[in-house]
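Working through the structure, step by step
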Amino acid sequence: MIDATTNNVLTAAISAGAAVITAIVALLVNHRGFGLLDKRIDDTNSNLNRRIEELRSDTNSRLSLIEADIKEFFRIQADKRIQRLEDRQ
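Anyway, here's the lowdown on the structure attached to this text. (Residues numbered from 1 in each chain as written. Predicted model: local features only at pLDDT ≥ 70, side-chain atom pairs only at ≥ 80, totals over all residues. Heavy atoms only, no water.)

**Examining the overall build of the protein chain**
Just so we agree on the cut-off: Helix numbers and strand numbers start at the N terminus; a helix is a DSSP run of H or I with at least 4 residues, a strand a run of E with at least 2. We compute the radius of gyration over the C-alpha atoms and compare it with the globule rule, which gives 2.2 Å times the number of residues raised to the power 0.38. Any residue under 20% of the maximum accessible area for its type is buried, any over 50% is exposed, and the rest in between are partly exposed; the area is computed with a 1.4 Å probe on protein chains only. The charge count includes Lys and Arg as positive and Asp and Glu as negative, but it does not include His or the ends of the chains. Where a charge lies is defined by one atom per residue type, namely NZ (Lys), CZ (Arg), CG (Asp) and CD (Glu).
Broken down by element type, the protein chain carries one helix and zero strands. Here the protein chain has a C-alpha radius of gyration of 38 Å; the compact-globule value for 89 residues is 12 Å, and the former is much larger. The principal-axis extent of the C-alpha atoms belonging to the protein chain is close to 130 × 15 × 10 Å. Residues counted as buried form 0% of the 89 residues belonging to the protein chain. Between the mean site of the 13 positive side-chain charges and the mean site of the 13 negative ones, the protein chain shows a separation of 5 Å.

**A word on a nonpolar patch on the surface**
For clarity, the threshold we go by: Like charges within 9 Å and nonpolar side chains (Val, Leu, Ile, Met, Phe, Trp, Tyr) within 5 Å are joined into patches, using only residues over 30% in relative accessible area that form no salt bridge. Where accessible areas are quoted, they stem from the Shrake-Rupley method and a 1.4 Å probe; at the residue level, only the protein chains shown are allowed to cover. What counts as a salt bridge is simple: a side-chain nitrogen of Lys or Arg found within 4 Å of a carboxyl oxygen of Asp or Glu.
Together, L63, I66, I70, F73 and F74 make up an exposed nonpolar region whose accessible area comes to about 510 Å². Along the chain, F74 falls in helix α1 (residues 4-88). By relative accessible area, F74 is classed as exposed at 54%.

**With respect to the packing of aromatic side chains**
Where we set the bar: Think of it this way: a Phe, Tyr or Trp ring, Trp meaning its six-membered ring, pairs with another when their centres are within 6.5 Å, and the plane angle makes it stacked under 30 degrees, edge-to-face over 60, tilted otherwise.
Scanning all chains against the criterion turns up one aromatic pair. Between F73 and F74, the ring centres sit 5.5 Å apart and the planes meet at 70°, which makes this aromatic pair edge-to-face. Judged by relative accessible area, which is 46%, F73 ranks as partly exposed.

**Re a positive patch on the surface**
A cluster of like positive charges, contributed by K80, R81, R84 and R88, occupies part of the molecular surface. Mapped onto the elements, R84 comes out in helix α1. Relative accessible area serves as the criterion here: at 47%, R84 is assigned to the partly exposed category.

Dropping the structure here:
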């Protein structure tokens with residue numbers, strides 16, 4: 001028969017062992033979870049960078065078209081002014 005002191009020592013040893021096992025499992029699960037989280041963050045950053053670059057490219061091409069239209073508009077306006085000045089003479 002096991003006396004109370006031996007029972008308490010065994011209970012303490014088993015509890016300590018269970019705590020160590022629980023801590024190791026928690027560390028492993030957290031490490032795996034952080035690895036997955038890091039991969040998701042990297043994927044999100046990659047997608048965000050790609051979208052920003054596409055937006056930048058699209059914006060630059062639209063600004064180039066607007067610039068060409070404005071240059072054409074001012075060229076036409078200048079031609080009209082020249083024509084009016086020639087008509088006055």
